[in-house]
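Given next are the chains, with one letter for each unit.
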Amino acid sequence: MRENGVIGTSEYAVPTDSVFFESTRAEKLARIAALGCTHFIDDLEEVLTDPDFPPGITRILFSEGTPATSDTPYVVCPTWRHIEKQVFVERA
């Protein structure tokens, strides 16, 4: 993520102290809720479709091969550039 400029000090990068890794899915979902995230990116569809996923958060699946359907609760983005457009253009 550092190599892609997602984590670090560049203009759109997430500060290193704002990146968290949890041991279990339950801990991950609790952290998302506690932080009050507006957007959440994961490469695991099962995280984004978990019944305990906090409501009101834009869910983004980072995947090249999983197409979203009309009933999926997430947007599929195959590249970091697509994620950038989803997160920053969506706000404009």
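A quick note: this is a predicted structure, and the numbers were derived from the prediction, not measured.

**Brief notes about the layout of surface pockets**
Space left empty within the atom packing is revealed by a probe, the size of a water molecule, rolled over the atoms.
Point 1. Approximately 1300 Å³ is the volume attributed to the largest pocket.
Point 2. As for the largest pocket, its lining consists of 37 residues, of which M1, V6, V14, I41 and W80 are closest to the centre.
Point 3. Within the residue set of the lining of the largest pocket, elements represented by two or more residues are α1 (25-35), β1 (39-42) and α3 (80-91).
Point 4. Considering each element in turn, the lining of the largest pocket owes the most residues, seven residues, to α3.
Point 5. By residue class, the composition of the lining of the largest pocket is 20 nonpolar, eight polar and nine charged.

**Details of the nonpolar core**
Point 1. Core analysis: the biggest nonpolar cluster contains nine residues, these being L29, I32, F40, V47, L48, F53, I57, L61 and Y74.
Point 2. For this core, the elements supplying multiple residues, two or more each, are α1 and α2 (45-48).
Point 3. Contacts of V47, omitting those with residues within four sequence positions, involve R25, K28, L29, F40, D42 and F53.

**Describing the confidence of the model for the protein chain**
Point 1. Put simply, the protein chain has an average pLDDT of 87, and 96% of its residues get 70 or more.
Point 2. Considering each helix and strand of the protein chain separately, the mean pLDDT is smallest for α3, with a value of 80, and largest for α1, with 96.

Calculation rules
Residues numbered from 1 in each chain as written. Predicted model: local features only at pLDDT ≥ 70, side-chain atom pairs only at ≥ 80, totals over all residues. Heavy atoms only, no water. 1 Å grid on protein atoms, 1.4 Å probe; cavity = no way out; pocket = protein on both sides within 12 Å on 5 of 7 lines; lining within 4 Å. Points joined across faces, edges and corners; volume = space filled by probe spheres on them. Helix = DSSP H or I, 4+ residues; strand = E, 2+ residues; numbered from the N terminus. Nonpolar A, V, L, I, M, F, W, Y, C, P; charged D, E, K, R; others polar. Core = buried A, V, L, I, M, F, W, Y, C linked by side-chain atoms within 4.5 Å. Buried < 20%, exposed > 50% of the residue type's maximum accessible area, 1.4 Å probe, protein only. Contact = heavy atoms within 4.5 Å. pLDDT = per-residue confidence, 0-100.

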